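Now for the letters of each chain:
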Amino acid sequence: MWSYILRNLLQRLVLLFIVSVIAHGVVHLAPGEPTQVDPSNPRMKPEDIVKIRKAFHLDEPLHLQYAYWMRDLLSGELKSFKDSQPVLPKIWDRFLNSLPLFILATIIVWTLSFPTGIKAAIRRGSIYDRSTAFIAYTLISVPGFFLSYLAILWVVAVLGVPVIGMRTFGMEDAMPWFQGMDRIWHLVIPSLMSALGGIAVLSRYVRSQMLEVIGQDYVRTARAKGLPEDQVIYHHALRNALLPFVTMFGFLLPGLIGGSVIFEQIFAWPGLGRLGYDAILSRDFPVILTINFIAAALTLAGTFVSDLLYAVADPRIRLH
Amino acid sequence: MGEAEKNRHNGSPDRAAQAVIYETPFDEFWRLFKRDRLAMVGLVVLVLLLFMAVAGKALTEWWVVFDPSTVNLVDKFKSPLSQVSTLVPVDTRPLLGVYILGTDELGRDVFARMLQGSFVSLSIGFIAVGISVFIGILLGGLAGYYGKLRLGIMTVDTLIMRFTDVMLCFPTFFLILTVVALLPPSIYNIMIVIGVTSWMGTARFVRAEFLALREQDFVVAAQAMGLPERRIIFLHMVPNAIAPVLVSATIGVATAILTESALSFLGFGVQPPFATWGNILSDGKGFIFDAPWLFFIPGLAILVVVLAFNLVGEGMREALNPKLRQR
């Protein structure tokens, strides 16, 4: 067990290193540099460009640039090209902003998908099953921003729920209670919108897992010995169908970064996705690379945790 | 309970025997696929769309009436089904003098733009998926067939699958966004980037299929006959491993069209001379109150087409699923 964990951690560190090298190569080899963001700026003289390139080590060979980046990242002194702010605190702030959105969306996804999926599996082929299937396919087929714009129009006109940003301007002097409520209201629509796709995918997955388990012999045995249907479904079938979902907790973490760019852009949410987007626009290499690095680290940590969880939850699996 | 077994219980062994003997794999697939009405509707939509895209390409190229870049500023923001104004020169007027889907902020015919966009959007989807399927089959096939070969410290299989793991670590959309933003804007870059970042799933199941196929009698027989390896791989093994690839490719086209529209929304999509549904939609979002058709028409078109691809893909998956075949 311990040797498995150790070996696996080492393998993942090697993977992380390769990922960071590839990401570094892609970002630096692609045309487009921090100096070229604003070519029409008359105050930008050739000697300034030379100065900037020198300050950012852009003239050094690639492997040296990589070494500089890694050194600064690990010592926590990495500075953004754009505003010379330290990168790690900047990312941490944005991460804290993204976190509530992510947590609420995850809760919505998991609480809604399971009942829907289980019911669809039990009533396979019924109108309920077919209509939820159709709705699920519709939700994964609609461009996220199209649906979000419709939701914004409808919500603002009918419900009066705030939809843009994290808080209402000018509420700083209000009672903490009202500020808190204001925060929560701002959270509702963005998290619901970013949850929709997840609900569609997960509920289909729950359904197929349940169908798989319901066809097993031990479920037939449970029925044959005359157990009530509820006990068969929720005790015998569901417990076994849940197993693969243990691993899905691990895959949740990377969603914090990749999936949020569009929704944070639509709802003007100052989170990690938008930080990445702004960094891409201004060719802020340290920020782009560090976000990418963190995302890869989270993915690797996620799959690692899910392997371990699987071994803990399923006694048939032994780690060697 | 298998088909044959069930029939035996019903007391009709002849019919079961016939079904087993005469049904080719494709016939069986088609019989199961046809039962799924949603998937059939999706298939009809896709066939219509294919005709529309090809016709649209021809019409917008060669017939000036359908030129999507004709600007008629007198006719801007005309709602759908409105008449063309008399100030527009006769030879650039739309067919029958009616804007079927209205006009946009420059007075361009939305119908013509959607026609052109259908071709561009579809080709982005198909070419991106073509690239990803090609890379996926190539790497998955290499890992599956030559997996045991050693290259220095590691086997081919380890090398390729670790590389796949590396690619899976990247946050895909963020990576696409980064590369598309850094490269000069071009429609080909978008296709290539989407293709190059989405082959990992295909590689994984082609490898799994190849590992299973390599041990089967027909492959061993082909090897014993001394056929060249590329013939064994491409003529004997790939066709047998292709079914799950086709399913994921169908759904992949849907994903690529959505990714393109998301890139357009963020301003990194296909640039102006080309109209795609994604950039018509993201241009239209600015006029959602004044000209809602500029927003709703491309939005609903994307929804319908992507939905059709997803339904057909899921229908194929169900029809190819051996566990579900038995029922």
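Remember, predicted model here, so these are calculated numbers, not experimental data. (Residues numbered from 1 in each chain as written. Chains lettered and ligands numbered in written order. Predicted model: local features only at pLDDT ≥ 70, side-chain atom pairs only at ≥ 80, totals over all residues. Heavy atoms only, no water.)

Draft legend 1. Just the overall build of chain A, in detail. Regarding its fold elements, chain A presents 14 helices and zero strands. Along the first, second and third principal axes, the C-alpha atoms of chain A reach 85 × 60 × 40 Å. When contacts within chain A are restricted to residue pairs at least 6 apart in sequence, long-range pairs at least 24 apart make up 73% of them. For chain A, the accessible surface area stands at approximately 16,800 Å², while carbon and sulfur atoms represent 67% of it. Side chains of chain A give 28 positive and 23 negative charges; the mean places of these two sets differ by 8 Å. (Helix = DSSP H or I, 4+ residues; strand = E, 2+ residues; numbered from the N terminus. Contact = heavy atoms within 4.5 Å. Areas by Shrake-Rupley, 256 points an atom, 1.4 Å probe, with all protein chains shown as cover. Lys, Arg positive; Asp, Glu negative; His and termini not counted. Charge placed at Lys NZ, Arg CZ, Asp CG, Glu CD.)

Draft legend 2. Region of the structure containing a nonpolar patch on the surface. Residue and element names in this part refer to chain A. On the surface, Met 175, Trp 177, Phe 178, Met 181, Ile 184 and Trp 185 cluster together into a nonpolar patch covering about 690 Å² of accessible area. Here Met 175 lies in the loop between helix 6 (144–158) and helix 7 (176–214). A residue is classified by how much of its surface remains accessible, and Met 175, at 54% relative accessible area, is exposed. (Patch = residues over 30% accessible without salt bridge, like charges linked within 9 Å, V, L, I, M, F, W, Y side chains within 5 Å. Salt bridge = Lys/Arg side-chain N within 4 Å of Asp/Glu carboxyl O. Buried < 20%, exposed > 50% of the residue type's maximum accessible area, 1.4 Å probe, protein only.)

Draft legend 3. Inspection of the interface of chain B and chain A at higher detail. Between chain B and chain A, the contact holds 45 residues from the first and 43 residues from the second. Here chain B is connected to chain A by zero salt bridges. Counting the contacts that link chain B with chain A gives five residue pairs in polar contact (both at pLDDT 80 or more). Broken down by secondary-structure element, the contributors of at least two residues to the side of chain B that touches chain A are helix 4 (37–62), helix 6 (156–169), helix 7 (172–182), helix 11 (229–265), helix 12 (277–284), helix 13 (293–320) and helix 14 (322–325) of chain B. Broken down by element, the side of chain B that touches chain A gets its largest block of residues, twelve residues, from helix 13 of chain B. (Polar contact = N/O pair within 3.5 Å; in protein donor to acceptor, adjacent residues only side chain to side chain.)

Draft legend 4. Summary view of the pattern of salt bridges. A complete count under the given rule lists ten salt bridges over all chains for this structure. Here A:Arg12 and A:Asp307 are joined by a salt bridge, their closest N and O atoms 3.3 Å apart. Within this pair, whereas A:Arg12 is found in helix 1 (residues 2–29), its partner A:Asp307 is found in helix 14 (residues 285–313), the two being separated by 295 residues in sequence. Given a relative accessible area of 15%, A:Arg12 falls into the buried group. One salt bridge in this structure joins B:Arg204 and B:Asp165, with 3.0 Å as the shortest N-O distance. Of this pair, B:Arg204 sits in helix 9 (residues 200–214) while B:Asp165 is found in helix 6, placing the two residues 39 residues apart along the sequence. Taking relative accessible area as the criterion, B:Arg204 reaches 42% and is therefore assigned partly exposed.

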